[in-house]
Every structure is written in C-alpha cells, then in structure tokens.
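# Descriptive analysis of the structure
Chain by chain, the residues run as shown.
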Amino acid sequence: MHPHLQPGPLPARMQLAPGNRLKHFLTIEGLPHLLLHEILERAEQFVTLPAKQQKKAPLLRGKTVMNLFFENSTRTRVTFEIAAQRLGADVINLDIRTSSAAKGESLLDTVRNLEAMNADMFVVRHEHAGTAQFIARYAAPHISVLNAGDGRHAHPTQAMLDMFTIRQKKGAFEPLKVAIVGDVLHSRVARSQIHALNTLLTGEVRIIAPRTLIPADIEKMGVRVFHRMEEGLRDVDVVIMLRLQRERMEGALLPSESEFFKLYGLTEKRLELTKPDSIVMHPGPINRGVEIDSAVADGPRSVILEQVTNGIAVRMAVMSMIMGSTVGGTA
Amino acid sequence: MNLLISHARVIDPASGRDEITNVCVQDGKILALANDGHVPKSFAPSETVNARGLWLFPGVIDLAAWLREPGLDHKATLASETRAAAASGVTTLCYQPEPATSINNSAPVNLIRDINTALGKVHIAVVGNLTLKLEGKKLSNMGGLRRAGCVGVTNGWQPVADLKVMRRALEYATTHDLTVFVYPLEHELAGGGCVHEGEVSTRLGLPAIPAAAETVAVAQTLALMEMTGTRVHFCRLSAAGSVRLIRQAKQDGFKVTADVAAHQLHLTEMDVVDFNPLCHVQPPLRSQADREALLQGLKDGTIDAICSDHQPHELDAKLAPFQQTEAGISSLETLLPLTLRLVESGDLSLQQALGKLTYQPASVIHSSAGRLTAGAPADLVLFNPDSLWDFSLEKMRSMGKNTPFAGWSFKGHVVRTLLAGKTVFQREAER
C-alpha cells in the first residue's frame, strides 16, 4: 500500500528522532522547552566563537545542503547559505520557481531527483502551508528538512533568532511582556514567535492589530488580543513589528497605509508607553513610515540589525543539531 | 424467481416495523411480509434463505456519489463503483454532475443508464445540470433532462454568481417539477479556502472557509425559494447556522430537505492538524459544536438524509501539500458502517439511522424504494449485526483509496444485497 494512504505523524512528532534529537526543523509547535534552550545555547557558542574560528567550524564538512526556494527571498536564502558555508557544507541554491515547477514537474518528483544527487539537507521555502512537512514525510530517511517558511504556517528559524535576540537583551523570558504588532493574519513569523514565546514561558504575549489582520480564535494559541496600540503597548518589554505587505490594501483589509501608520505605526511617542528599557524588533525588510517610523527603526531601542547577525548563528545552531554534530567534534 | 427470506429481523424505518418475520419476493418486488403459517399459499419460492440472526432492511439510497465516468475514468468507473456500492448495501446511487462529467442534456443521462443497466449492480438516479456546463450563465436543457428521467438538477460546487440567473434557473426547474439540489456556498466569502476557519486554520496557516460562507448561501436560497416556490434539497450541510436556518424554514412550511455527509458526523477540524490531505473535504470538517448541531439536526428531523458524498481519487490527487490536493473522500464503503456507528454511540436510534439512509432519501428523489411494504421494489440488505471487522484499504472495492477511515473498527457487515429481487452481492465464506 502506498505510504501516503497511511495517516501521517503530527509535525511535532515527526521532527524528533529517538532521544528527542532534532531530525527536521519544521515548526516550533510541540517542541520541548529544553530543546529550544539547547538551540539558544548552541547559537550562543557560535556567537562567542572568535570570528576567525567561527569561519572554521567545519561541522558539516562533506555534507550537501540544498536551498529549495519555491518563493523568492534573497535575504533569507543568503543567511542560510552563509550559515551552511561556515559549517563547511557544500551549498546549492535552487530557484525552483524558474526551473522544474514551471515545467509541470510535481513537487515529489523534484524532491526525488534532488535526493538522487546526494543531498543531506533541504532548506525549503514555499508559498503553501505544510510543504516542508510534506517533503519531510516523503523524502528519503537520511534527508533532513529545515523549514525556511511555508505559507502562513511557520518560520521557525526566524522565531528562534528573535528568541535569541530577546534573551541576549533581556535574560529570562518569564517576567517579560511581549507585543507583536501588525499583520498577524498573513504572518508565519508571528505564529512561530507565539509558539516559541509560550514554550519558553514568557510572562505575557500580546498581539495588536485591527480585526481584519487577526486570524480566527488566535486567543487559543495563548495570546492576549488588543486593537489599540495605546492599550497593547503599555508596559511591554519587547515590541515586535511585523511587515505590512502592500497588497493588503487590495483585499479590503485596510483602508490605506497612512491610516495604518496613524493607528498602528510605531513612533517614538508610542514607544514611551512601553518599559523605559524596552527593545524594538522587526523580522525585516522594514517599511519605513508604514509600520515603523525611521526614528524608531534607527533609534537606540532598535535591535533590528542585531537580529540579522544573530540569524546566522541560530541557523548554524539548528543545522549542526540536525546533522547530529556538536561544537568541537561530530557526535 | 421467487425468494423466501425466513426469520430475519425485519427493520423498516418507514413503518417503524421491527420484528422477526418472513419476506416473500416475487418478480423483483416484495409480495408480502408474513409470519410463519401466513405465507401466501400461492407463493412457491425457488430459493429459501434462512436468515435467522440476520437483519433485513431496505437497500441504502445514497443521495450523492461522484461516479466520474464518463470523463474522469482515471479516478473511477461505473463498473468499479457500482460493484463497491452493492458490496456495501447501497442499492441506489445519485449521480452528481461535475465540470468534466457535465449533464447538459439527455444524451449523457441515457449513456449512464445504458452502461449501468449492463452492469446491473445498482440503480443510478441522475442529477442533471442546473446551468449549461455548470458555468452559472445559461440554463441547461431542463425539460429534456426531466424527460430523460433526472431526479433533480444542481450546479454542484460551481458558483451561480448572478442571482438573477439563479432566480430564473429555480423558476425554470420548478416549471419542470424538478427538485434543485443546492450546494450552499458563497464563493467570494469562501475565498479559495480549504479548511474550516477557526483554531486549526489559524495554527496551520491554511486559507480558511468561514461557516458563514455556507449559512449566507442557505439564507439567500431560502429567500429566493420564497419567491419562486421551488423545491430545494440542501446538500452537505456542515455548519450549525445552516441547521438552524433550515429548521426554521421547515417550521415555516418551506418545501425543503437537507443531507449531511457521513464523515461530517465523525470527524472535525481537529483531524486536519497533521495536514492530512485525506481529511481535505468540501465543505471542510468543522468544529465540534458544528458536529453536535448536525447530529441534533438529524435527531429532530431537520436533516433528512445521510449520504456518502463519495469522491474517489487517483493517488496523485492527494499526493501534494494540503492546499494543492483535491477535496473528497472515497466513502461509499463507509456510509453504512459510519451511520450505524451513530447507533452504537447512542446518537441515533436504529430506526432513525436507517431511515436517514432509506425511505427519507427516497422521498427526496421521489423513489418508491427504501421501504418494506408489499409492492415495493425488492432492494434489500441482509446484514450480520454481530461481526467485528476492521476497514482496510486492501479490501476496498472502490478505485479510489482516499479515505481517512483505514483501520477503523466497525460492528456488523453486509451479507447479501438484492436489487429488484436479484442477488447483486453475496459475501463468501460467511456464517
């Protein structure tokens, strides 16, 4: 009987090999608290390694990492590429949009062909939710899949680099209040952040947005919902701004960019409502004057560029854990 | 051929009969139901079946099966699916048109009838197109469809975007005394979604269909019915709000009936949490509260029938990320088992459950089958109520193996199916 006719394992179950070792990295949902800490610890090791040594940590020597990007994203792809290269892996970038998919080859056939080229890890980005999990389920057993964003579902490395940045600046998660602001409806980043923050026992997770940008029953993911910045930002330690796509104006979700900025844009004045030592984050790329004022984005509270730097260390951490190696030797 | 079925527990939901008695079958019809000593003297059986310990009830009438042939034969054929039906106690299937197997005039109706007559496993009742090519723009040849024997017309899941066209289609169908099978969905509101809008769609980030996309369409259709006086059958209810609206409409005297797919009574949105494409259905699996409302609707008579909504697919149709897979379950063979499970769980009485599969759907399509009375067609099921079995893909007869019910355990199975008095299925090595 064809394996697809058997019920599939839950994504959270599927990404763990025996001994709770990370086999794939598909979603934060369902991962144990300790494992998230392990990722953060491991990333810390990569960050504190002197730059020279960092570039010579060949934990993935002889391994082939394939970046399968079905959706364009130069920025994210480059950070994965740098992370893999620093670990000594061979990296191959495939822009599937312009190759096989356009010729009508099925996703599974594409995967089978790449497997046959001795890949060890697929880094997958796709416009449809569940694609990374689908590939993980049907790929050969020796292949690991790392989700670099699937539809609106998950973007787990982005969430972990955000957690890393928060921990770097704030220490423990328990006393923190974190607000996520903007287009939660379309955001895989927000979903992964919510899971990560809650798994790490963050004191309070808030989201702030108009009703049109909040998905149904989001409260059940463990967040408090606010529709007014003036209420939601009060006394928070961390503000995470989400990117607002221009096409949201088309789907009658918002009247205009200017009204959005007026009501939900992060300005210095609004930032005064937060804790005096609060930090401002953004997964990038930022829309100045749409969701965030330049004075804030470039201001002293902003850690946006540090997020980008940390992204490499976190991706190195996840990749090395998946490939079963430890800093200072292969396990 | 004359057949005497003796000492079966005869269950006829239409009359409420439930007793051990004998059934005499002559010339494809039920001649009489008679206790020992009362079998008509003139009746000389050529075969006698000792059915002690078995149940006998009318053959199942399934209001919706997507039989694919002609046009989508790679998914299923009339031969494969009618064979599966007979083995599952189904004696009447309602053929649903879809864009690739569209029924605009009498020709395809006659073709399906000819193929099916040669196969001889079940009756097929054809539901024709409401609009030409199901495009929602021009009327189909409803007069011809009626004369060819269609039991109703529908636009399936294809939208009729222009309400003026919908009004005229309802009026024209009424002219020809055709029931309109409405699949209630406001397509713009559904917005290309593939799962129920709620907790699970939010977690999985899948595009979602709100329950209101269905209830809005039900309300809209009811408003048009009030103007046109059309007889409407609502297909595949999934939302609590729809049940409420139809309950009220029935109280207000609307000529309306409704059905639900058996899987909606057992699965909910939670079954999609692993992106399982086998649970990708239209309408989507909804919340636990919706499921309970559907059960309540069955109990209080708001929902008249349980159907399979059988949609066999080839393997590749489900072998992709969730959103890209085709919707539907190959569900002919689980219709009776899933419905009887509702008796075991105490949700329905045995009479209620079998009624939703027999005389009630029969009245939607104006069929004289589905009841055990003298003169009715001898479409009968002999059923062993005690056997325990697991539903397995290996033993499935349908060409489509796309079901989430593999491995489910069921109690009781079909021993023999009769179509107009003729045995069309008999289980080997039984009893």
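Residues numbered from 1 in each chain as written. Chains lettered and ligands numbered in written order. Predicted model: local features only at pLDDT ≥ 70, side-chain atom pairs only at ≥ 80, totals over all residues. Heavy atoms only, no water.

### With respect to the environment of Val151(B)
Residue and element names in this part refer to chain B. Going by this rule: In this text, helices come from DSSP runs of H or I with a minimum length of four residues, and strands from runs of E with a minimum of two, each type numbered from the N-terminal end. Exposed residues in this analysis have more than 50% of their type's maximum accessible area, buried residues have under 20%, and partly exposed residues fall in between, with area computed by a 1.4 Å probe over protein chains only. In this description, contact between two residues means that some pair of their heavy atoms is separated by no more than 4.5 Å.
Positionally, valine 151 belongs in the loop between helix H3 (142-147) and strand E9 (152-154). By relative accessible area, valine 151 is classed as buried at 16%. In sequence terms valine 151 and serine 367 are 216 residues apart; their C-alpha atoms lie 9.0 Å from each other. Discounting residues that sit within four places of it in the chain, valine 151 has contacts with Ala125, Val126, Val127, Thr179, Phe181 and Ile365.

### Description of the sheet that holds strand E6 (residues 144-150) of chain A
Residues and elements named next belong to chain A. Our working definition: Note on pairing: DSSP must find at least two bridges between two strands before they are called paired. Lines fitted to C-alpha atoms define the axes here, with helix axes fitted over just the stretch in contact, and angles between the N-to-C directions of these axes take values from 0 to 180 degrees.
The strand order E4-E3-E5-E6 describes an open sheet built from four strands, whose pairing is parallel. A strand with exactly one partner marks an edge of an open sheet, and here the two such strands are strand E4 (90-95) and E6. Averaged over all adjacent pairs, the angle separating strand axes in this sheet is 15°, with direction ignored. Judged from the five bridges that link them, strand E5 (residues 121-126) and E6 form a sheet pairing that is parallel. If you follow methionine 121 over to E6, its bridge partner there is serine 144. Running over the sheet, helix H4 (residues 74-86) touches strand E3 (64-69), E4, E5 and E6 and is turned about 175° from E3.

### Some remarks on the domain arrangement of chain B
Residue and element names in this part refer to chain B. The following threshold applies: The domain limits used here are those given by an automatic or database domain assignment. Computed with a 1.4 Å rolling probe, the buried area is the accessible surface lost when two parts are put together, summed over both parts. Salt bridge, as applied in this entry: a Lys or Arg side-chain nitrogen positioned within 4 Å of an Asp or Glu carboxyl oxygen. Two N or O atoms count as a polar contact when they lie within 3.5 Å, although within protein this holds only if one can serve as hydrogen donor and the other as acceptor, and sequence-adjacent residues are included solely when both atoms are side-chain atoms. As a working rule, the residues Ala, Val, Leu, Ile, Met, Phe, Trp, Tyr, Cys and Pro are called nonpolar, Asp, Glu, Lys and Arg charged, and the rest polar, with Gly in that last group.
Each assigned domain of chain B is listed here: domain 1 (3-56 + 376-399 + 408-430) and domain 2 (59-364). Taking only C-alpha atoms, the centre of domain 1 and the centre of domain 2 are 28 Å apart. Between domain 1 and domain 2, the residue contacts involve 32 residues of the former and 39 residues of the latter. In total, about 2,700 Å² of surface goes out of reach between domain 1 and domain 2, with carbon and sulfur atoms giving 65% of it. Across the contact surface, domain 1 and domain 2 share zero salt bridges. The tally of links between domain 1 and domain 2 comes to twelve residue pairs in polar contact (both at pLDDT 80 or more). Residue assignment for the side of domain 1 that touches domain 2 shows that the elements contributing at least two residues are strand E1 (2-12), strand E2 (17-26), strand E16 (380-390), strand E17 (409-419) and strand E18 (422-426). Broken down by element, the side of domain 1 that touches domain 2 gets its largest block of residues, seven residues, from E17. In the side of domain 1 that touches domain 2, the residues fall into 18 nonpolar, four polar and ten charged.

### A few points about the packing of H4(A) against helix H13 (residues 304-322) of chain A
Residues and elements named next belong to chain A. Put simply, the rule reads: Roughly parallel here means an angle under 35 degrees, roughly antiparallel means over 145, roughly perpendicular means 65 to 115, and every remaining angle is called oblique. In this scheme, a crossing is called left-handed if the near helix is turned counterclockwise away from the far one by less than a right angle; it is called right-handed if the turn is clockwise.
Where H4 meets H13, the axes come as close as 8 Å, and the angle between the chain directions of the two elements is 60°. By the angle between their axes, H4 is oblique relative to H13. Of the two possible hands of crossing, H4 and H13 adopt the one that is right-handed. Across the interface between the two elements, Thr76, Thr79, Phe80, Ile82, Ala83, Ala84 and Arg86 from H4 touch Ile312, Arg315, Met316 and Met319 from H13. Split into classes, the residues belonging to the contact of H4 with H13 amount to seven nonpolar, two polar and two charged.

### Re the domain arrangement of chain A
Interfaces are frequently sized by the accessible area removed from exposure as the parts join. Residue and element names in this part refer to chain A. Assigned domains of chain A: these are domain 1 (3-151 + 311-330) and domain 2 (156-300). In this complex, domain 1 contributes 29 residues to the contact, which on the side of domain 2 involves 21 residues. Of the roughly 2,000 Å² buried at the junction of domain 1 and domain 2 (both faces included), carbon and sulfur atoms supply 66%. Summed over the three residues of domain 1 that lose the most area to domain 2, namely Ile28, Leu40 and Arg75, the buried surface amounts to 29% of that side. At the surface where domain 1 touches domain 2, the tally comes to three salt bridges. Here arginine 188 makes a salt bridge to glutamate 71, at a shortest N to O gap of 2.9 Å. Summed over the shared surface of domain 1 and domain 2, the number is six residue pairs in polar contact (both at pLDDT 80 or more). Contributions of two or more residues to the side of domain 1 that touches domain 2 are made by helix H2 (33-48), H4, E5, E6 and H13. With nine residues, the single largest contributor to the side of domain 1 that touches domain 2 is H2. For the side of domain 1 that touches domain 2, a count of residues per class yields 13 nonpolar, eight polar and eight charged.

### With respect to the interface of chain A and chain B
Contact with chain A, which involves 30 residues of that partner, is made by 23 residues of chain B. Run the count over chain A and chain B and you get two salt bridges. Its salt-bridge partner being Glu199(B), residue Lys220(A) comes within 4.0 Å of it at the nearest N-O pair. At the surface where chain A touches chain B, the tally comes to six residue pairs in polar contact (both at pLDDT 80 or more). Those elements that place two or more of their residues in the side of chain A that touches chain B are helix H5 (107-115), helix H6 (131-138) and helix H8 (188-199) of chain A. The residue makeup of the side of chain A that touches chain B, split by class, is 14 nonpolar, eleven polar and five charged.

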